[in-house]
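This is what each chain is made of:
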Amino acid sequence: MSMTEDATKTAVIIEDDPDVRSLLDEVFRAAGFRTVLAGTGLEGVAAVAEHRPVITTLDINLPGIDGFEAARRIRAVSGTFIIMLSALGEESDVVLGLTSGADEYLVKPFRPRELRARIEALLRRPRNPDPATASVGAAPAAPAGAPAAVPAVARNPSEAAAIPSHTTAGQWHSHRDISLDLDSHTVLVAQREVELTPTEFDLLATLLESKRRVRSKADLALVLRGEAFGSASYVGEPDKRAIEAHMANLRRKIGDSTAAPRYIETVRGVGYRLTAHTDGTAAED
């Protein structure tokens, strides 16, 4: 079931400032959410585990454990989308927030309309299952050398005509020894499962679908918003820097290297694409 079809969407708001917490509560309620409020990091982690929210907002400067540690603990129990909110706007702070598991990073003071737009963009994206749920119902590993299956509807609307269909079980995409299943949100590297955030999963899926076609940072930012490649929507420098941070995290988790890339290569000044096959096998169509 898609998140937009869920009539009881829940948001957990983890914020120690009563005024900001009230503002966030109003924005989410206006967007049709049921809200659960928490004033500390520990309370917030417990609320996420209990209520299984679609989206969680997380302040960094919290009593007890800070937002970075709270994000790491939340990621261990939930696939919720995390929007990190902070007055810390330096690039190093943004990178640390995204490395901790956040999907979005907004600098305070933020505009309610901007937050609402981020919420709506997240709702258009598929959500990873919670870790506990995924471990129970995980799909079996893709057989070695099996052709990658693709979804009937492309991840990006402008790509629908370019992606052929396959008939293998599941919806697998593969490149070298990395495989991704859209149905179970499973990622395997050398047949070992790797845990990714929802954002990292979407980026990897997009690159696997695009194969050797270069995707710019703006393209990938649009994908995360649920918009088509080449749309007229503005993509600013903060969004592009966020893509760089997400890509760095993704590469680290799948064991890739920018110096000698095995899976994803950077096309300097353009964007990202899959590496070429140099072991005598052809790239999948």
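Everything below is about the structure printed above this text.
Just so you know, these numbers come straight off a predicted model, no measurement behind them. (Residues numbered from 1 in each chain as written. Predicted model: local features only at pLDDT ≥ 70, side-chain atom pairs only at ≥ 80, totals over all residues. Heavy atoms only, no water.)

Q: I keep staring at the pairing of strand E4 (residues 81-86) and nothing clicks. Help me out?
A: In the case of a regular strand, side chains alternate between the two sheet surfaces. E4 sits mainly inside the fold: 6 of its 6 residues count as buried. Burial along E4 is two-sided: Phe-81, Ile-83 and Leu-85 facing one way and Ile-82, Met-84 and Ser-86 facing the other are all buried. Across 5 bridges, strand E3 (residues 55-59) lies against E4 in parallel orientation. In the sheet register, Ile-55 faces E4, and the bridge partner there is Phe-81. Read from E3 through helix H3 (residues 67-77) to E4, the crossover connection turns out right-handed. (Buried < 20%, exposed > 50% of the residue type's maximum accessible area, 1.4 Å probe, protein only. Helix = DSSP H or I, 4+ residues; strand = E, 2+ residues; numbered from the N terminus. Pairing = 2+ DSSP bridges. Right-handed = clockwise from strand over helix to strand, strands pointing away.)

Q: When you look at the nonpolar core in this model, what are you seeing that I'm missing?
A: Membership of the largest hydrophobic core comes to 26 residues, with the highest contact counts inside it found for Leu-180, Val-187, Leu-204, Ile-243, Met-247, Leu-250 and Ile-264. The set of elements that each furnish at least two residues to this core consists of strand E7 (178-181), strand E8 (186-189), helix H7 (198-210), helix H8 (217-225), helix H9 (237-254) and strand E11 (271-274). For this core, the element with the highest residue contribution is H7, accounting for 6 residues. For Ile-264, the contacting residues outside a window of four places in its chain are Leu-204, Leu-207, Met-247, Leu-250, Arg-251, Ile-254, Asp-256, Tyr-272, Arg-273 and Thr-275. Listed in part, the 23 residues of the second largest apolar core include Ala-38, Leu-58, Ile-82 and Ala-102. (Core = buried A, V, L, I, M, F, W, Y, C linked by side-chain atoms within 4.5 Å. Contact = heavy atoms within 4.5 Å.)

Q: What am I meant to see in the sheet that holds E3 here?
A: Backbone hydrogen bonds hold the strands of a sheet together, and the pairing may be parallel or antiparallel. An order of E2-E1-E3-E4-E5 is seen for the 5 strands of this open sheet, with the pairing classed as parallel. Two strands lie at the open edges of the sheet, namely strand E2 (34-38) and strand E5 (104-107), each paired on one side alone. On average, each strand axis in the sheet is inclined to that of its neighbour by 20 degrees, with strand direction left out of account. Sheet analysis places E4 next to E5, joined by 4 bridges and oriented parallel. Residue pairing for E5: Leu-85 is matched across the bridge by Leu-106. Seen against the sheet, helix H2 (residues 41-51) touches strand E1 (10-14), E2 and E3 and runs at an angle of roughly 170 degrees to E1. (Axes fitted to C-alpha atoms, helices over the stretch in contact; angles between N-to-C directions.)

Q: Please explain H9 as it appears in this structure.
A: For H9, spanning 18 residues, the distance from its first C-alpha to its last is 26 Å, which sits close to the expected 26 Å at 1.5 Å a residue. Backbone geometry just after H9 places Gly-255 at a positive phi near 75 degrees. (Expected span 1.5 Å × (residues − 1).)

Scope: geometric values only; no functional claims are made or implied.
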